[in-house]
Amino acid sequence: MRFPFFKRKSKDQLFTIAFYNLENLFDAENSKHTLDDDFTPTGFKQWTEKRYKSKCKKLARTILDIGKKENKYPPVLVGVSEVENQTVIKDLIGTTPLESLKYNFVHYESPDERGIDTALLYNPKYFRMISSEALPLIVDNLNGDRDTTRDILYVKGTLNNEPVHVFVNHWPSRRDGGDVTEYKRLIAAKVIKEKMKKIEITEISPNYMVMGDFNDDPTSKSIQSLLEGTTLYNPMEKLHFPKQRGSANYKNTWSLFDQILISHNFLNYEKGTHSFSKADIFDASFLKEKIGKYKGNPHRTYAGSKYLGGYSDHFPVYIVMKFNPK
C-alpha cells in the first residue's frame, strides 16, 4: 500500500510532532532481565504473538493518522513511552502502514524494573539526529530504596535544518498516591532544567520540545516547576479546562498527563524557523470505547487480565508547527 505523503510541496509547510503512551508494548518473549512475565503466552495476561502483532497494527494506524485533521502528512517526530526494547520499536515502525515512512528511532534501555522505556521515532527526511543521551532520574522511595524508574531521553537534532533539543519523558507514577509521589516528579523537572542550563552555556535561545507522560496535569506543581525560570510554554494547558477531555481517564475523571511543551521561540515568526500553530489531543472515534460505562474512554488493550484488544489506555497528543521558508 502506497501513500502520497513523500512529495511535500513547498506550500505544504506544516509539521506534526506527537507523543503517545503505547500501554505496555511488550513482545511475547520472556526476558530474564525484567519483570515481563505477565506479557508472555503463559503469563497473567496470556500475551501471544498474535495479540502482539494485532496491537502493532493498531498503533501503526494510529500514529499515521495523528493530526490528520490539520495536516495530511504523518508526524515527523513521535515520542513514545512503554516500549519494552528495540525489537518492539523495530516491529512497530516496520508494520503496515508505517513501514513506508522509514522512521528511524533513538532508544536506550532504562533501569525500569518492568522494562518499559521511552523512545523517539523520527522521519529522517526532515529530522537529522546529531546526538543523544539518557539522563538518569535518580529517586528513592520513602523507605529509602531506589526507585528504578525511566531515564529521560534527550535528543539533539535539526528539524528542517533548525536546531532543536527534544526531551522524551515518562515520569514516576502516582501508584502510591499523587501527593505522596509528587517529590519524584519534581526531581524529574529539575533534571531537565539542569540539562537546559548546560545547553544554554553554549547556545543562545535554544529551541526546546519537552514531551511525555508526566503523570501530572498541566496545573500540577511539577509541570509548573518545569516552566518556572525557563523559556518553556505549555500549549496543552488550555486543553485542560473544562475537564471534559483528556489523554487518559481514571474513575470517570479526565487527566492530561500527556503533554508537549515548547520554548517561546516557537511562538515567533522568523524566516527559516518553525512557528507553533496548534496543540490538541488525538481522540479520534476509532480510539474510543463504543459502548458501556466506559464509552468515550480510550479503548485499551487490557482491563486487568481481561483482553479487550484495543489500542492504548492513553490518547496521543500532538502539536502542529508551521515552517516559515526563507
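Rules and cut-offs
- Residues numbered from 1 in each chain as written.
- Predicted model: local features only at pLDDT ≥ 70, side-chain atom pairs only at ≥ 80, totals over all residues.
- Heavy atoms only, no water.
- Pairing = 2+ DSSP bridges.
- Helix = DSSP H or I, 4+ residues; strand = E, 2+ residues; numbered from the N terminus.
- Contact = heavy atoms within 4.5 Å.
- Axes fitted to C-alpha atoms, helices over the stretch in contact; angles between N-to-C directions.
- Buried < 20%, exposed > 50% of the residue type's maximum accessible area, 1.4 Å probe, protein only.
- Polar contact = N/O pair within 3.5 Å; in protein donor to acceptor, adjacent residues only side chain to side chain.
- Core = buried A, V, L, I, M, F, W, Y, C linked by side-chain atoms within 4.5 Å.

A. A look at the sheet that holds strand β9 (residues 162-170). Pairing within the open sheet is mixed, and its 6 strands lie in the order β5-β8-β9-β10-β14-β11. With one partner strand each, in any of the chains shown, β5 (127-135) and β11 (232-233) form the two edges of the open sheet. Sheet topology places strand β8 (residues 152-159) next to β9; 7 bridges connect them, and they run antiparallel. When the bridges of β9 are listed, Leu153 appears paired with Val168. Contacts between helix α3 (residues 178-202) and the sheet are confined to β5, β8, β9, β10 (208-213) and β11, with β9 contributing the most and set at about 165° to the helix.

B. A look at the side chain of Asn207. Examined against the element boundaries, Asn207 turns out to sit in the loop between α3 and β10. For Asn207, a relative accessible area of 9% corresponds to the buried category. Of note is the side chain of Asn207, whose polar atom sits 3.1 Å from the side chain of Glu162. At 2.8 Å, the side chain of Asn207 forms a polar contact with the backbone oxygen of Pro163. With near-sequence residues (within four places) excluded, Asn207 lies in contact with Glu162, Pro163, Val164, His165, Ser263, Asn265 and Phe266.

C. Just the nonpolar core, in detail. Counting 67 residues, the largest nonpolar core has Ile17, Leu25, Leu77, Val166 and Met209 as the members making the most contacts within it. Looking at this core element by element, the count peaks at 7 residues for strand β1 (residues 14-25). Ranked by size, the runner-up nonpolar core spans 21 residues in total, among them Leu135, Phe167, Ala189 and Leu232.

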